[in-house]
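Geometric and topological summary
Residue strings, one per chain:
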Amino acid sequence: MMRVEIPVDLLKDRQGDENAELILKLIAFFREARHEWAISPRDVDAVHTFLERHLPVLAESYLLLAQKASMAQAWAPQGGTTGVVRVAGETLAADIRDLERPAVLVVENAIYDWQMIEALARLLGCEDVIDAKEDSRLGVYNGGGKDGATRHAVDHAAQFSRTKRVVLVIDSDSFHPTDRTVNHEKAEAAAREGVRAHVLSFREMENYIPNRVLARQPKKTVGMSSMAKRLESLKTFSPEQRAHFDMKHGFKGKPQKGADQKGRHSGKAGTTYVIPSRHGDLYDEVAEQDLITLQEGFGTDLPDLFLQEVKRGGISERDLDGLGPGAKQELRSMFETIRGVI
């Protein structure tokens, strides 16, 4: 939720009279826990006077709200005012419109990406983000790919007057840990328009799915045997190799013109796999049989499977540890970015 400060001058004398209706609407946001009040203990008396004058019936409950918020502010660490929306007389009406509107999360695919985000939120104790969506305080919008997502995010940001409550989350599409892609440039361009952007460190959303989920599909016996072999080969990867592997399509590849891909063979029919050259030497030390086994990947229905397994209780936060050091920290950072606009 957003943290909002009401300057004490807006509560006093003529300004208090002129802004009373809007100020009370703003305080109602705090009471409904839509946003958080940033207030100093020294300003509580001014709030008391304002409420007694303009809203005597609800003054006691609103005063209690101000006192609690001020105590939280007093105990907050230094720098606790970072990210606070400070309203002013000339911006009050516009600020309220910004705060009243649902926050916006733009992703590449609103179905699959939200399934991933919901599953991860449940694992990491970030259910408040799910609640915000269910309560219509957060809208999730489909970008239809990176280009569309960036455009939609910028368009949504333009609809906010001062506080651009829009987050863009997109894949990095990176083939290597040091790979800086065009998606980073797209995110930076959106950020210049006021959008808060998070580019995933891993290649795609599906790379954050734990191995325990992959062990659950498919249901057919023959498929289970094949999938089990793929999973065993995947487990031979380092965290960096796993993070940039094409989880959906594997190393099957598609024939393309030019030298962007390189193929290697085991000398047997049907055992060709294709490694895009953008991977560099990332997979050079992997046994050829494992690369052959992983040529098919794990399919495109992984996000739904992930979410269902989390809801069923078959996956825990501990399963994310296998993604490598820093993965959970990055995901928590993503959720803080989303929370920062709610």
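Report on the accompanying structure. (Residues numbered from 1 in each chain as written. Predicted model: local features only at pLDDT ≥ 70, side-chain atom pairs only at ≥ 80, totals over all residues. Heavy atoms only, no water.)

A few words now on the pattern of salt bridges. Going through the model one piece at a time under the given rule, you end up with 26 salt bridges. Arg 122 serves as the salt-bridge partner of Glu 118, at 2.8 Å between the closest nitrogen and oxygen. With a gap of four residues between them, Glu 118 and Arg 122 both fall in helix α5 (residues 112-123), about one helical turn apart. For Glu 118, a relative accessible area of 8% gives the class buried. Between Arg 332 and Glu 317 there is a salt bridge, with its nearest N and O atoms 2.8 Å apart. Residue Arg 332 is found in helix α14 (residues 327-339), and its partner Glu 317 is found in the loop between α13 (302-312) and α14; the two are separated by 15 residues along the sequence. (Salt bridge = Lys/Arg side-chain N within 4 Å of Asp/Glu carboxyl O. Helix = DSSP H or I, 4+ residues; strand = E, 2+ residues; numbered from the N terminus. Buried < 20%, exposed > 50% of the residue type's maximum accessible area, 1.4 Å probe, protein only.)

The subject of this paragraph is unusual backbone geometry. Despite not being glycine, Asp 13 shows a phi value in the positive range, around 50°. By the element assignment, Asp 13 lies in helix α1 (residues 13-31). The residue Asp 173 is not glycine, and still its phi comes out positive at about 55°. Mapped onto the fold, Asp 173 is located in the loop between β6 (166-170) and α8 (182-191).

Bringing the packing of aromatic side chains into the picture now. For the coordinates displayed, the defined rule picks out six aromatic pairs. Taking the centre distance of 4.2 Å and the plane angle of 15° together, the rings of Phe 202 and Tyr 208 count as stacked. The pair Phe 202 / Tyr 208 is uniform in exposure class, with both members buried. Geometrically, the ring pair formed by Phe 237 and Tyr 283 is tilted, given 5.3 Å between the ring centres and 50° between the ring planes. Taken as a pair, Phe 237 in the loop between α10 (221-234) and α11 (239-243) and Tyr 283 in the loop between β9 (273-276) and α12 (288-293) lie far apart in primary sequence, 46 residues in all. There is no split in this pair, since Phe 237 and Tyr 283 are both buried. Over the ring of Phe 175 we find Arg 203, and its NZ or CZ is 4.3 Å from the ring centre. (Phe/Tyr/Trp six-rings, centres within 6.5 Å; stacked < 30°, edge-to-face > 60°. Lys NZ or Arg CZ within 6 Å of the ring centre and 35° of its normal.)

A word on α1. Maximum bend of α1: about 70°, positioned at Ala 20. Of the residues making up α1, those classed as buried are Gly 16, Asn 19, Ala 20, Ile 23, Leu 24, Leu 26, Ile 27, Ala 28, Phe 29 and Phe 30. Against β1 (3-5), β2 (36-37), α2 (44-54), α3 (59-75) and α4 (92-100) lie the buried residues of α1. Just downstream of α1, Ala 33 is the residue with a positive phi angle, here 60°. (Bend = angle between axes of the 7 residues up to and from the residue. Contact = heavy atoms within 4.5 Å.)

Moving on: the sheet that holds strand β7 (residues 196-199). Spatially, the four strands line up as an open sheet ordered β5-β4-β6-β7, and their pairing is parallel. Looking along the sheet, the strands with just one partner apiece sit at the ends: β5 (138-142) and β7. Taking the axes of each pair of neighbouring strands and ignoring which way they run, one obtains an average angle of 20° across the sheet. Pairing analysis gives five bridges linking strand β4 (residues 103-107) to β5, with the strands arranged parallel. When the bridges of β5 are listed, Leu 105 appears paired with Val 140. (Pairing = 2+ DSSP bridges. Axes fitted to C-alpha atoms, helices over the stretch in contact; angles between N-to-C directions.)

Among all positions in α8, only Asn 183, Ala 187 and Ala 190 are buried. Buried positions in α8, seen along its axis, are confined to an arc of 60° and lie on one side of it. The inward-facing, buried residues of α8 contact α7 (146-158), β6 and β7. (Arc of directions from axis to C-beta.)

A few words now on the nonpolar core. In terms of nonpolar packing, the biggest core is built from 58 residues, with Leu 105, Phe 306 and Phe 335 touching the most fellow members. The leading source of residues in this core is α5, at seven residues. Ignoring any residue separated from it by four or fewer positions in sequence, one finds Phe 335 in contact with Ile 117, Leu 120, Ala 121, Leu 124, Cys 126 and Val 129. Val 44, Val 87, Leu 92 and Ile 96 belong to the second-largest nonpolar core, a separate cluster that totals 31 residues. (Core = buried A, V, L, I, M, F, W, Y, C linked by side-chain atoms within 4.5 Å.)

Taken in spatial order, the three strands make up an open sheet running β2-β1-β3, and their pairing is parallel. With one partner strand each, in any of the chains shown, β2 and β3 (84-86) form the two edges of the open sheet.

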